[in-house]
Amino acid sequence: MLMNNLDPEVAEKPDELIVYGGTGRAARDWPSFHAIVRSLQQLDNDETLLVQSGKPVGIFRTHSEAPRVLIANSNLVGHWSNYEEFNRLERLGLIMYGQMTAGSWIYIGSQGIVQGTFETFAAAANKSFGGSLRGKLVVSGGMGGMGGAQPLAATLNGARFLGMDVDPARIEKRLKTGYCDRIAWNLDEALSILKGAEALSVGLVGNCADVLPELVRRDIVPDILTDQTSAHDALNGYVPNGMELKEALALRCENPDEYTRASVAAMGQHVTAMLALKRMGAVTFDYGNNIRAQAKKAGVEDAFEIPGFVPEYIRPLFCEGRGPFRWAALSGSPEDIHTTDRLALEMFPNNEVLERWMRMAKDRIHFQGLPARICWLGYGERAEFGLAINDYVRRGKIEAPIVIGRDHLDTGSVASPYRETEAMLDTSDAVADWPLLNALLNTSAGASWVSIHNGGGVGIGYAQHAGMVVVADGTEACGRRLERVLTTDPGLGVIRHADAGYPKAVEVAREKGIRMPMDPTR
Ligand code: NAD
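Attention here is on the structure that accompanies the text.

The rules behind the values
Residues numbered from 1 in each chain as written. Predicted model: local features only at pLDDT ≥ 70, side-chain atom pairs only at ≥ 80, totals over all residues. Heavy atoms only, no water. Helix = DSSP H or I, 4+ residues; strand = E, 2+ residues; numbered from the N terminus. Rg over C-alpha atoms; globule rule 2.2 N^0.38 Å. Buried < 20%, exposed > 50% of the residue type's maximum accessible area, 1.4 Å probe, protein only. Contact = heavy atoms within 4.5 Å. Areas by Shrake-Rupley, 256 points an atom, 1.4 Å probe, with all protein chains shown as cover. Lys, Arg positive; Asp, Glu negative; His and termini not counted. Charge placed at Lys NZ, Arg CZ, Asp CG, Glu CD. Pairing = 2+ DSSP bridges. Near = heavy atom within 4 Å. Polar contact = N/O pair within 3.5 Å; in protein donor to acceptor, adjacent residues only side chain to side chain. Nonpolar A, V, L, I, M, F, W, Y, C, P; charged D, E, K, R; others polar. Salt bridge = Lys/Arg side-chain N within 4 Å of Asp/Glu carboxyl O. Core = buried A, V, L, I, M, F, W, Y, C linked by side-chain atoms within 4.5 Å. Axes fitted to C-alpha atoms, helices over the stretch in contact; angles between N-to-C directions. Parallel < 35°, antiparallel > 145°, perpendicular 65-115°, else oblique. Left-handed = near helix turned anticlockwise from the far one by under 90°.

### Observations regarding the overall build of the chain
So, point 1. Tallying secondary structure elements over the chain gives 18 helices and 17 strands in all.
So, point 2. Against the 2.2 N^0.38 benchmark of 24 Å for 522 residues, the chain shows a C-alpha radius of gyration of 22 Å, consistent with a compact globule.
So, point 3. Expressed along its principal axes, the backbone C-alpha trace of the chain runs to roughly 65 × 55 × 50 Å.
So, point 4. Looking at the chain as a whole, 62% of its 522 residues qualify as buried.
So, point 5. Long-range pairs, those at least 24 residues apart, make up 68% of the contacts in the chain with a sequence separation of at least 6.
So, point 6. Counting only carbon and sulfur atoms, one obtains 52% of the accessible surface of the chain, whose full area is about 20,100 Å².
So, point 7. One finds the centroid of the 53 positive side-chain charges in the chain at a distance of 2 Å from the centroid of its 64 negative side-chain charges.

### A short note on the pairing of strand 3 (residues 47–52)
So, point 1. Across 6 bridges, the pairing between strand 3 and strand 4 (residues 55–61) is antiparallel. If you follow Glu-47 over to strand 4, its bridge partner there is Arg-61.
So, point 2. Connecting strand 3 to the next strand, strand 4, in antiparallel fashion are 2 residues, including Ser-53 with a positive phi near 40 degrees.
So, point 3. As defined by bridge partners, strand 3 adjoins strand 5 (residues 69–73) across 4 bridges and the pair is classed as parallel. Residue pairing for strand 5: Val-51 is matched across the bridge by Ile-71.

### Remarks on the site of the ligand
So, point 1. For the ligand, the set of nearby residues contains 32 residues, the closest of which are Gly-22, Gln-99, Asp-165, His-232 and Gly-457.
So, point 2. Gly-147 is positioned such that a nitrogen or oxygen atom in its backbone is 2.9 Å from an oxygen atom of the ligand.
So, point 3. Gln-228 is positioned such that a nitrogen or oxygen atom in its side chain is 3.4 Å from an oxygen atom of the ligand.
So, point 4. Looking at side-chain class alone, the shell around the ligand contains 10 nonpolar, 17 polar and 5 charged residues.

### Topic: the pattern of salt bridges
So, point 1. One pass over the full model with this rule turns up 31 salt bridges.
So, point 2. We note a salt bridge from Asp-46 to Arg-61, for which the minimum N-O separation is 3.4 Å. Residue Asp-46 is located in the loop between helix 2 (30–42) and strand 3, and its partner Arg-61 is located in strand 4; the two are separated by 15 residues in the primary sequence.
So, point 3. The class of Arg-61 is exposed, set by a relative accessible area of 59%.
So, point 4. The salt bridge involving Glu-214 is made with Arg-217; its shortest N-O contact spans 3.0 Å.

### A closer look at the nonpolar core
Across soluble globular proteins, nonpolar side chains show a tendency to be buried alongside one another.
So, point 1. By size, the foremost hydrophobic cluster in this structure holds 70 residues, and its most contacted members are Trp-327, Phe-385, Ile-389 and Ile-404.
So, point 2. Ignoring any residue separated from it by four or fewer positions in sequence, one finds Ile-389 in contact with Trp-327, Thr-340, Leu-343, Ile-398, Ile-402, Ile-404 and Ala-472.
So, point 3. Residues Leu-204, Leu-212, Ala-234 and Ala-273 belong to the second largest nonpolar core, which totals 36 residues.

### Overview of the packing of helix 16 (residues 433–445) against helix 17 (residues 476–499)
So, point 1. Orientation of helix 16 relative to helix 17, taken along the N-to-C sense of each, is 160 degrees, at an axis distance of 9 Å. Taken as axis vectors, helix 16 and helix 17 run roughly antiparallel relative to one another. In terms of crossing hand, the pair formed by helix 16 and helix 17 is right-handed. On helix 17, the residues that touch Trp-434, Leu-437, Asn-438, Leu-441, Asn-442 and Ala-445 of helix 16 are Arg-481, Arg-484, Val-485, Thr-488, Asp-489, Leu-492, Ile-495, Arg-496 and Asp-499.
So, point 2. The residue inventory of the contact of helix 16 with helix 17, partitioned by class, reads 7 nonpolar, 3 polar and 5 charged.

### Concerning the environment of Ala-273
So, point 1. Mapping Ala-273 onto the fold places it in helix 10 (residues 256–279).
So, point 2. Note: C-alpha distance between Ala-273 and Phe-367 (94 residues apart in sequence) is 36 Å.
So, point 3. Ignoring any residue separated from it by four or fewer positions in sequence, one finds Ala-273 in contact with Leu-212, Pro-213 and Val-216.

The following block contains the structure:
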């Protein structure tokens, strides 16, 4: 999976070990990468490898049902948890940015986020457009690893999509993988392609901080407006406007402070235009890249009038313990994934969202790297499905083990006050004990590898989160581990939300027999 993260079809800049999300890396440097591979090849079944910010640091004797790898990325003591300190340590080669699934080796390319994006746009359609985006215009920035899923997610919902990216290579990658339909080199060209079209996407080469104010001037109001540029990182992610991309990259090397200032100022202009379009009628939301906080630094005091996508569209799923669940076929055979698709449809015949998704995914989603699938499953369903996959591996119905994991966007595994835990009813948004408990619980339950990260999605200091992976290899021992891990994992989210006073979460916890010693309703 480490190598799959860096497959050229999967990673954004594999030569630099960059997987996605600005500078989200799989390993700290190439010597560390090779040392991790050597260590994994030599690891015994009762040993555990420790990886500290992408560098392997020790192998310890544990036991056969303990995780084989424990990973910690980008963690800094609270007071020092900021980009100033992180960038200083990174320059010294002492730390790396793990993003969410890059440093935890469970990134599977844009195919890993496309369902979540599809469901978010569908939820926006339900809330604001009577259930359909047919003929509507969705506008967003960023066509990178995560953002590149937006054009396909929009057209699968029947919408027209206009996306901006400063780097034509990113748009071209989406054309090649079938995520985006057309490229345009200026706004007029993009608008003429979209005129009268249905379910069509265009990637426009341009800077959001230039293009969005132009939409305001021309009175062009999108139906849905969001953003997935790498805004969480003002130095290594977001590109300032008013200059060519080449010039910006030169400035980044020569004068990082000036670059950061220009980048924050550009984000201010970008969000000011988003606010203007919102007031003109666009359904506008933040898509988890922390651009509102960056704009606030630039003096845009009302940046947080733009709501976040989690409280707006996803929170109700978290309250039920639903979350993104992904798996990859180590055989490399697409047929193994098609077999699991059929299995999921047989097992959950009443899950309409799953049915709709699986039907589309089979026809429209190109595999990147190892064949993989993602879908949102509920509490209990994941454990049931994981066990069924393990059984298929045991019986040879699937050729080789299946790697099962989730990203860190999950109910109990993240504290991110500008994203997953924005606006908790009990104001516990910033309490970071939960993801740490999540990692400890997954370790106790025997996941194959477990990770703890700081700053994924929204940048250093803004989030704490945990990831887990469990490998279904068809053995009985693995079945035990799978059941424990997949049952405890979303359960913690249900408890957290119950604790935050969400009535639905209390109900689900009771129904599923989760014991809450401090039941908030008692
Ligand atoms: P990425 O680095 O792969 O891509 C970002 C893209 O933004 C790049 O292609 C870059 O050229 C472009 N860009 C930068 N500045 C720009 C500007 N001013 N105008 C136009 N384009 C610009 O990142 P990604 O993996 O696509 O993630 C995007 C953002 O979303 C990141 O901040 C990431 O942390 C966050 N994220 C969101 C989710 C989610 O679930 N919504 C999950 C993980 C991460």
